[in-house]
Amino acid sequence: MTHMSAQVIMQLKPTAILIHVPDVQAGLAWYQQAFPQAIAEYLPEFDFTLLHVGDFTIEVVQADEKVSEGKKGTVLYWQVDNFALAFEYFTQLGAKLYRGPMLIDGNKQMCQFVDPFGNLLGIKGQ
C-alpha cells in the first residue's frame, strides 16, 4: 500500500450527535422544541425518530449502563445569529445556564446550558 495523506483517504464531515437521556420520548419532545427548524424522520423498522438540522442529525437515545446522560466532557456548540435571543429562548425552554456567558474571538459570546436531562449544549454568536 502506498502512503496516502489522511485528506485523500478520509473526507470527514460531522454528521450526527447522540444525546443520551433517561426518557427518549421526553428528550425527543424537548429537542424538537429546542430546534424547531429540525425535520423529524421516523424510522419504523427501528421505532426511532431522527431530527435533521440541515446535513446534521440529532439522535436522542436511551441512556444505559454504558453511556449515561449528563456532563461527560463533550459539548456541541450551535452558531446563533442573535446570542441574546437564543440565550433567552433556551432559558425559557428550561435549560439552565452552566458556564458563561463570556466573550470569545473579540466580540462573540458563548455559553453552555444544561438540558433538562443533564447534558451540555453550547451556543456561540453575536
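See above for the structure.
Here the structure is a predicted model, which is why all the values come from computation and not from measurement.

### Some thoughts on the packing of aromatic side chains
Part 1 of the argument: On inspection of all chains with the given rule, the structure shows 9 aromatic pairs.
Part 2 of the argument: Seen from their ring centres, Trp 30 and Tyr 31 are 4.8 Å apart, and the 75 degrees between their planes marks the pair as edge-to-face.
Part 3 of the argument: In this structure Tyr 31 comes out as buried when scored by relative accessible area, which is 1%.
Part 4 of the argument: Measuring from ring centre to ring centre gives 5.5 Å for Tyr 89 and Phe 90, while their planes differ by 75 degrees; the resulting arrangement is edge-to-face.
Part 5 of the argument: Residue Phe 90 is classed as buried on the basis of its relative accessible area of 5%.
Part 6 of the argument: Among the aromatic side chains, those forming a connected cluster through ring pairs are Trp 30, Tyr 31, Phe 35, Phe 56, Trp 78, Phe 83, Phe 87, Tyr 89, Phe 90 and Phe 113.

### What about the pairing of strand β8 (residues 120-125)?
Part 1 of the argument: Within β8, 5 of the 6 residues are buried, which leaves the element mostly enclosed by the surrounding structure.
Part 2 of the argument: As judged from the 5 bridges shared by strand β5 (residues 76-80) and β8, these two strands associate in the parallel manner. Pairing of Tyr 77 across the sheet is with Gly 122, part of β8.
Part 3 of the argument: Sheet analysis places strand β7 (residues 108-114) next to β8, joined by 6 bridges and oriented antiparallel. Among the inter-strand pairings, Phe 113 is bridged to a residue of β8, identified as Leu 121.
Part 4 of the argument: Taking the residues between adjacent antiparallel strands as the criterion, β7 and β8 are bridged by 5 residues, where Gly 118 takes a positive phi near 95 degrees.

### Examining the sheet that holds β7
Part 1 of the argument: If you trace the 4 strands from one edge of the open sheet to the other, you get β5-β8-β7-β6, paired in mixed fashion. Strands at the two margins of the open sheet, each flanked by one partner only, are β5 and β6 (96-104). Here the average twist between neighbouring strands, direction ignored, is 20 degrees.
Part 2 of the argument: By the bridge criterion, 6 bridges tie β6 to β7 in an arrangement that is antiparallel. Paired with Met 102 across the two strands is Met 110, which belongs to β7.

### What to know about the pattern of salt bridges
Part 1 of the argument: Here the structure, examined in full by the defined rule, presents 1 salt bridge.
Part 2 of the argument: Taking the shortest distance from any N to any O, the salt bridge between Lys 13 and Asp 55 comes out at 3.7 Å. Taken together, the residues span a long stretch of sequence, with Lys 13 in the loop between α1 (6-9) and β1 (16-21) and Asp 55 in the loop between β3 (48-53) and β4 (56-62) at a distance of 42 residues.

### Quick word on the nonpolar core
A general tendency of soluble globular proteins is for nonpolar side chains to be buried together.
Part 1 of the argument: Trp 30, Tyr 31, Phe 35, Ile 58, Trp 78, Phe 90 and Ile 123 are the most contacted members of the largest nonpolar core, which has 26 residues in total.
Part 2 of the argument: Among the elements of the structure, β1, α2 (24-34), β3, β4, β5, α3 (83-92), β7 and β8 are those that each provide at least two residues to this core.
Part 3 of the argument: In terms of residues, this core owes the most to one element, α2, which gives 4 residues.
Part 4 of the argument: Ignoring anything within four residues of it in the chain, the contact list for Phe 90 reads Trp 30, Ala 34, Phe 35, Ala 95, Phe 113, Leu 121 and Ile 123.

Definitions and limits used
Residues numbered from 1 in each chain as written. Predicted model: local features only at pLDDT ≥ 70, side-chain atom pairs only at ≥ 80, totals over all residues. Heavy atoms only, no water. Phe/Tyr/Trp six-rings, centres within 6.5 Å; stacked < 30°, edge-to-face > 60°. Buried < 20%, exposed > 50% of the residue type's maximum accessible area, 1.4 Å probe, protein only. Helix = DSSP H or I, 4+ residues; strand = E, 2+ residues; numbered from the N terminus. Pairing = 2+ DSSP bridges. Axes fitted to C-alpha atoms, helices over the stretch in contact; angles between N-to-C directions. Salt bridge = Lys/Arg side-chain N within 4 Å of Asp/Glu carboxyl O. Core = buried A, V, L, I, M, F, W, Y, C linked by side-chain atoms within 4.5 Å. Contact = heavy atoms within 4.5 Å.

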